[in-house]
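Inside the fold
Listed here are the chains, written in short residue letters.
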Amino acid sequence: MGEDTDATPTLNHRGFLPDHNYVTEADIISTVEFNHTGELLATGDKGGRVVIFQREPESKTEPFSQGEYNVYSTFQSHEPEFDYLKSLEIEEKINKIRWLPQQNAAHFLLSTNDKTIKLWKVSERDKRPEGYNLKDEEGRIKDMSTVTSLQVPVLKPMDLMVEVSPRRVFANAHTYHVNSISVNSDYETYMSADDLRINLWHLDITDRSFNIVDIKPANMEDLTEVITAAEFHPHHCNLFVYSSSKGTLRLCDMREAALCDKHSKLFEEPEDPSARSFFSEIISSVSDVKFSHSGRYLLTRDYLTAKVWDLNMESKPLETYQVHDYLRSKLCSLYENDCIFDKFECAWNGSDSVIMTGAYNNFFRMFDRNTKRDVTLEASRESSKPRAVLKPRRVCAAGGKRRKDDISVDSLDFTKKILHTAWHPNENIIAIAATNNLYIFQDKLNSEMH
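What you see is a predicted model; the values in this text were computed from it and never measured.

Description of the overall build of the protein
Along the backbone of the protein there are 2 helices and 32 strands. When the 450 residues of the protein are sorted by exposure, 50% land in the buried category. Restricting the contact set of the protein to residue pairs at least 6 apart, pairs at least 24 apart contribute 54%. Summed over all atoms, the accessible surface of the protein reaches about 22900 Å², with 49% contributed by carbon and sulfur.

Okay, structure coming up:
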């Protein structure tokens, strides 16, 4: 990944930890997203908060040291609500954050909980106007009779303030829980997806959206699958993809029809009848789908594997990567403790040559598509000191030969899971959400992936 071929991945680590040692539900990070330049990184949590980190400029005293990410702004995006018609609590948890490409000095981002999407403006102010003609220094209106001369107001420097303000609220369009939002390459529209429908919005219009996919059957007893994720093509504004709980991907073209219930392409891997089990359908459900930066490939994640699909080949994936195949023998206990329903995300690096996804025990996995090498790394307080070199980890399957430093599959901690990851759009910098901790690693990658 990249041209640096150090023997081990040198990871410049920065962990952002809460002030207290105990974990509250509200502190658990639920989404992570870099902006289009990678200079800003946003996280959302179960408490409805958004925290934005900004990359510091490179130090003049150390010209080759990369800037670290520090807290830039924190704000409350969503509050808990109650739907009185359905007697239903609506959580404040942030499900997804998506940045809009920067058009001017301000930044804009979309954040969503289960029902309501909001557009936020993030801007800086480092000057304040002084010398008003009709107001005194306290801001009170002057007595007009005392104004005997006119002066030109001037802008005086002040301490930098980061202001976050809500610009739009897109509500009342989803009956079911929103699982995805995706900004279109036309920069004017975006889509939001829930379990059964996908809606298309204009960023300037909040009171209506267009339903572009509806898979709700007339009789809910006939329901066989739900939408799990959706994303626009990075370059063609008419194309988008959505994944389902049955393990299929549907590519849709909005030029063909206003309602895209009929897909243009269906990507589906034929099931091996000999490998079928009670858990087959659960573990084949796609939890995340991402277009490559080039737009040529799709990356998907199901419970045990990550797959790369070529848009020109629907019959089977181009590449399949085993994320934690050693769990195959543990599916029964993972079903009983509900871990089998965990939704892991996946990410491409900037050149589409490496993919990343999370696992249990605070492990995350990287797969180099060119060399076919892979590595397991750990995001934890113990193994992550600043400027540390992360050691590759290895899990020993039950009954397998165990080497020194191997971890037995029976000793994995299933409460520590890396569900949310993000990769800087241009550099080898990754952000890993581990429960209520955010880890940022700078990566000089590694000729020794195995």
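Some words on the sheet that holds strand 3 (residues 40–45)
Pairing is antiparallel across the open sheet formed by 4 strands, whose spatial order is 2-3-4-5. Two strands close off the open sheet at either side, each with one partner strand: strand 2 (29–34) and strand 5 (69–76). Each strand axis lies, on average, 20 degrees off the axis of its neighbour in the sheet, ignoring direction. Sheet topology note: the strand 3/strand 4 (residues 49–55) ladder contains 5 bridges and is antiparallel.

Focus on the pattern of salt bridges
In this structure the tally under the stated criterion is 25 salt bridges. In this structure, the salt-bridge partner of Arg 393 is Glu 378, at a minimum N-O distance of 2.2 Å. Residue Arg 393 is located in the loop between strand 27 (374–378) and strand 28 (395–396), and its partner Glu 378 is located in strand 27; the two are separated by 15 residues in the primary sequence. A relative accessible area of 26% places Arg 393 in the partly exposed class. Look at the salt bridges and you will find they share partners, linking Asp 27, Asp 45 and Arg 49 into a network.

Let's talk about the packing of aromatic side chains
Each aromatic ring pair is summarised here by two numbers: the centre-to-centre distance and the angle between the ring planes. Enumeration according to the criterion identifies 19 aromatic pairs in this entry. Aromatic pair Tyr 190 and Trp 201: ring centres 6.1 Å apart, planes at 5 degrees, arrangement stacked. With Tyr 190 in strand 13 (residues 189–193) and Trp 201 in strand 14 (residues 197–202), this residue pair connects regions lying 11 residues apart in the sequence. Both rings, one in Tyr 321 and one in Phe 367, keep their centres 5.0 Å apart while their planes meet at 35 degrees; by these two values the pair is tilted. Of the two residues, Tyr 321 is situated in strand 23 (residues 319–322) and Phe 367 in strand 26 (residues 363–368); the sequence distance between them amounts to 46 residues. Neither residue differs from the other here; Tyr 321 and Phe 367 are each classed as buried. Aromatic rings pair up to connect Phe 278, Phe 279, Tyr 335 and Phe 341 into one cluster. The residue whose ring lies beneath Arg 369 is Tyr 297, and the NZ or CZ to ring-centre distance is 4.7 Å.

Let's talk about the nonpolar core
Core analysis: the biggest nonpolar cluster contains 30 residues, and Tyr 303, Leu 327, Leu 334 and Leu 412 have the highest contact counts within it. Elements with a minimum of two residues in this core: strand 21 (297–301), strand 22 (305–310), helix 2 (331–336), strand 24 (346–348) and strand 26. Residues in contact with Tyr 303, not counting those within four places in the same chain, are Ile 283, Ser 285, His 324, Leu 327, Leu 331, Leu 334, Cys 339, Ile 340, Asp 342, Phe 344 and Tyr 360. Residues Val 354, Met 366, Val 375 and Leu 390 belong to the second largest nonpolar core, which totals 16 residues.

A word on the sheet that holds strand 11 (residues 154–170)
Taken together, the 4 strands give an open sheet; going across it, the order is 8-9-10-11, and neighbouring strands pair in antiparallel fashion. Only two strands of the sheet have a single partner each, and these edge strands are strand 8 (96–99) and strand 11. Adjacent strand axes in the sheet meet at a mean angle of 25 degrees when their direction is disregarded. Judged from the 4 bridges that link them, strand 8 and strand 9 (residues 107–112) form a sheet pairing that is antiparallel. Counted as the bridge partner of Lys 96 is Thr 112 from strand 9.

Some words on the side chain of Ser 280
On the secondary structure map, Ser 280 appears in helix 1 (residues 280–284). Residue classification places Ser 280 among the buried positions, given a relative accessible area of 9%. At a separation of 2.7 Å, a polar atom in the side chain of Ser 280 contacts the main-chain amide nitrogen of Ser 277. The residues touching Ser 280, leaving out its near neighbours within four places in the chain, are Glu 271 and Ala 275.

A look at the pairing of strand 10 (residues 117–130)
Relative to strand 10, strand 9 is paired through 6 bridges, and the arrangement is antiparallel. Bridge pairing links His 107 to Val 122 in strand 10. Between strand 9 and strand 10, which pair antiparallel in sequence order, lie 4 residues. Here strand 10 runs beside strand 11; their pairing, made up of 13 bridges, is antiparallel. Within the sheet, the bridge partner assigned to Glu 124 lies in strand 11 and is Val 162.

Considering the environment of Asp 368
When you line up the elements, Asp 368 lands in strand 26. In this structure Asp 368 comes out as buried when scored by relative accessible area, which is 6%. For the pair formed by Asp 368 and Ser 353, sequence separation is 15 residues and the distance between their alpha carbons is 6.2 Å.

Structural notes on unusual backbone geometry
Positive phi values are uncommon outside glycine, yet Asp 352 reaches one of about 65 degrees. Relative to the elements of secondary structure, Asp 352 occurs in the loop between strand 24 and strand 25 (354–358). Within the chain, Lys 372 stands out as a residue other than glycine whose phi angle is a positive 65 degrees.

Cut-offs applied
- Along each chain, the written sequence defines residue order, and numbers are assigned to residues from 1.
- Totals for whole chains, interfaces and linings use every residue, but because this is a predicted model, local features are given only for residues with pLDDT of at least 70 and side-chain atom pairs only at 80 or more, for both listing and counting.
- Water and hydrogen atoms were dropped before computing side-chain values, which therefore reflect all heavy atoms in the structure.
- Starting at the N terminus, helices and strands are each numbered in turn, a helix being any DSSP run of H or I of at least four residues and a strand any DSSP run of E of at least two.
- Note on exposure labels: buried denotes an accessible area under 20% of the residue type's maximum, exposed denotes more than 50%, and partly exposed covers the range between, all computed with a 1.4 Å probe on protein chains only.
- Any two residues whose heavy atoms approach within 4.5 Å at even a single point are treated as in contact.
- With residues, only the protein chains shown are counted as cover, and all accessible areas are computed by Shrake-Rupley using a 1.4 Å probe.
- Pairing between strands is defined by DSSP: at least two bridges between the two strands are required.
- Simply put, an axis is a line fit to the C-alpha atoms, just over the touching stretch for a helix, and the angle between two N-to-C directions goes from 0 to 180 degrees.
- Definition used for salt bridges: Asp or Glu carboxyl oxygen within 4 Å of a side-chain nitrogen of Lys or Arg.
- In this analysis, rings of Phe, Tyr and Trp, with Trp reduced to its six-membered ring, are considered paired at centre separations within 6.5 Å, and the interplanar angle assigns stacked below 30 degrees, edge-to-face beyond 60, and tilted for intermediate values.
- Charge-over-ring placement is defined geometrically: NZ (Lys) or CZ (Arg) within 6 Å of the ring centre, and within 35 degrees of the ring normal.
- By nonpolar core is meant a set of buried Ala, Val, Leu, Ile, Met, Phe, Trp, Tyr and Cys residues that side-chain atoms within 4.5 Å join together.
- Counted as a polar contact is a pair of N or O atoms within 3.5 Å, where, for protein atoms, one must be capable of donating a hydrogen and the other of accepting one, and residues adjacent in sequence contribute only when both atoms are in side chains.

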